[in-house]
Amino acid sequence: MAKILLVDDDLRLSEVIDDWLTAEEHVVEYQSSGLGGWEKMSQVDYDVIILDWNLPDTSGPELCRRFRNAGKATPVLLLTGRNQIENKVEGLDSGADDYLTKPFSPKELSARLRALLRRFMARPAAPDVICAGPITLDSKARTVTMANAPVHLLPREFALLEFFMLNPEQVFSANEIMDRVWSEENESSPDTVRVHITKLRSKLAIEGEESPIKTVHRVGYKFSLLK
């Protein structure tokens, strides 16, 4: 059983979702606006939050971005009728963990929620502040500094760096990183991982210094400050 917040102004769809998830013995709380959703998600601890993309007073991605910037780590699932790759990238980069395109089957929704719950519950408790050489990552403040200078990362880049810093000197394939940092249910790919690693490396670059994110030929990537 999970405690779930549903934020969606589509009353009919919300009733279907509520009935289905309640039948699966979840506890569902409902809000129809971004303001109501924010008041709940910023004050109450949920196991999963389901956000509709189009809300009357804001957007799901904007609400998710605000939530992540507040240091919240609860899994977020976006619901939307938009199915373009650009929309999916925007949604995931806002900090959402998964993305479900309408119309969808309640069974698929349940499967995605189970996947998010498995991944979130399996995460070990991480320190609030992680330091590695000149890099400091504060998971609560959602900030990264490099030699005391701020580094501005998108939510997915932040999650990727946090994963690497929590697992130093361990080699991971692109597929393993995708499964650990991205949801296994969305349409990410190893190429998506490679693009994000390239962007992250450029943001952490120091002239004349080797990147801490190293490529292990034909195997994958690792985070290492060793020469």
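Residues numbered from 1 in each chain as written. Predicted model: local features only at pLDDT ≥ 70, side-chain atom pairs only at ≥ 80, totals over all residues. Heavy atoms only, no water.

## What to know about the confidence of the model for the protein
Defined as follows: Confidence of the prediction at every residue is given by pLDDT, a number between 0 and 100. Secondary structure counts use DSSP, requiring at least four H or I residues in a row for a helix and at least two E residues in a row for a strand, with both numbered from the N terminus.
Mean pLDDT over the protein: 86, with 94% of residues reaching 70 or higher. At the level of individual helices and strands, the protein shows its lowest average pLDDT in helix α4 (residues 85–93), which scores 78, and its highest in strand β3 (residues 48–52), which scores 93.

## Some remarks on the sheet that holds strand β9 (residues 149–150)
Put simply, the rule reads: In this description, strands pair whenever DSSP reports at least two bridges between them. Contact between two residues is taken to exist if any of their heavy atoms lie within 4.5 Å; hydrogens are not considered. The axes used here are C-alpha line fits, helices contributing only the stretch in contact, and every angle between their N-to-C directions lies in the interval 0 to 180 degrees.
Taken in spatial order, the four strands make up an open sheet running β6-β7-β8-β9, and their pairing is antiparallel. Two strands in the sheet have a free side with no partner beyond their single neighbour: β6 (129–132) and β9. The strands touched by helix α6 (residues 155–166) within the sheet are β6, β7 (135–138) and β8 (143–146), with β7 carrying the most contacts at an inclination of about 115 degrees.

## Side note on the packing of helix α7 (residues 174–181) against helix α8 (residues 190–203)
Helix packing geometry: the angle between the two helix axes and the distance between the axes. As a reminder, the rule being used: Every angle not falling under 35 degrees, over 145, or within 65 to 115 is termed oblique; those three ranges are roughly parallel, roughly antiparallel and roughly perpendicular. Residues are grouped as follows: Ala, Val, Leu, Ile, Met, Phe, Trp, Tyr, Cys and Pro are nonpolar; Asp, Glu, Lys and Arg are charged; every other residue, Gly included, is polar.
Direction vectors running N to C along α7 and α8 enclose 85 degrees, while the axes themselves pass 8 Å from each other. When the interaxial angle is binned, α7 and α8 end up roughly perpendicular. Of the residues in α8, those touching α7 at A174, N175, I177 and M178 are P190, V193, R194 and I197. When the residues that make up the contact of α7 with α8 are grouped by side-chain class, the tally is six nonpolar, one polar and one charged.

## What to know about the packing of aromatic side chains
For any pair of aromatic rings, geometry is given as the distance between the ring centres together with the angle between the planes. Let me state the cut-off plainly: Two rings from Phe, Tyr or Trp (for Trp, the six-membered ring) form a pair when their centres sit within 6.5 Å of each other. Planes less than 30 degrees apart are called stacked, planes more than 60 degrees apart edge-to-face, and all others tilted. Each residue gets one of three labels from its accessible area relative to the maximum for its type: buried under 20%, exposed over 50%, partly exposed in between, using a 1.4 Å probe on protein chains only. By definition, being over a ring means that NZ of Lys or CZ of Arg is both within 6 Å of the ring centre and within 35 degrees of the ring normal.
Counted according to the given criterion, the structure contains three aromatic pairs. Consider the rings of W53 and Y99, whose centres lie 6.2 Å apart with planes at 75 degrees: the pair is edge-to-face. Note that W53 is positioned in the loop between β3 and α3 (60–69) and Y99 in strand β5 (residues 98–101), a separation of 46 residues in sequence. You'll find W53 and Y99 in the same group, each marked buried. When the ring of F163 is compared with that of F164, the centres are 6.0 Å apart and the planes differ by 50 degrees; the resulting orientation is tilted. In this pair, the class of F163 matches that of F164, namely buried. Each member of the aromatic cluster is reached from another via a ring pair, and the members are F163, F164 and F172. Sitting over the ring of Y46, K3 keeps its end group 5.5 Å from the ring centre.

## Things to note about the pattern of salt bridges
To keep things clear, this is the line we draw: In what follows, salt bridge is the name for a side-chain nitrogen of Lys or Arg lying within 4 Å of a carboxyl oxygen of Asp or Glu.
Overall, the coordinates contain 10 salt bridges when judged by the stated rule. One salt bridge connects R194 with D191, and the closest N-O pair in it is separated by 2.7 Å. Pair noted here: R194 and D191 are both in helix α8, with a separation of three residues, about one helical turn. The closest approach of N and O atoms between K214 and E210, which form a salt bridge, is 4.0 Å. Each of D98, E108 and R112 takes part in a single network of salt bridges with overlapping partners.

## Examining the pairing of strand β2 (residues 27–31)
Our working rule: For crossovers, right-handed means that the path from the first strand over the helix to the second runs clockwise, given strands pointing away from the viewer.
With five bridges connecting them, strand β1 (residues 3–7) and β2 associate as parallel partners. Residue L6 lies in a different strand from β2, and its bridge partner there is Y30. Taking the sense of rotation as the criterion, the β-α-β connection linking β1, helix α1 (residues 11–23) and β2 turns out right-handed.

## As for the sheet that holds β3
Whether parallel or antiparallel, the strands of a sheet pair through hydrogen bonds between backbone atoms. Reading across from one edge, β2-β1-β3-β4-β5 is the order of the five strands in this open sheet, with parallel pairing throughout. The open sheet is flanked by β2 and β5, the only strands paired with a single partner. Across the sheet, the axes of successive neighbouring strands diverge by a mean angle of 20 degrees, strand direction being ignored. One ladder, built from four bridges, connects β3 with strand β4 (residues 76–80); its direction is parallel. Bridged to D52 within β4 is L79. Sheet contacts for α1: β1, β2, β3 and β4; angle to β2, the most-contacted strand, approximately 165 degrees. In the packing of α4 onto the sheet, contacts are made with β4 and β5, and the angle to β5 comes to roughly 140 degrees.

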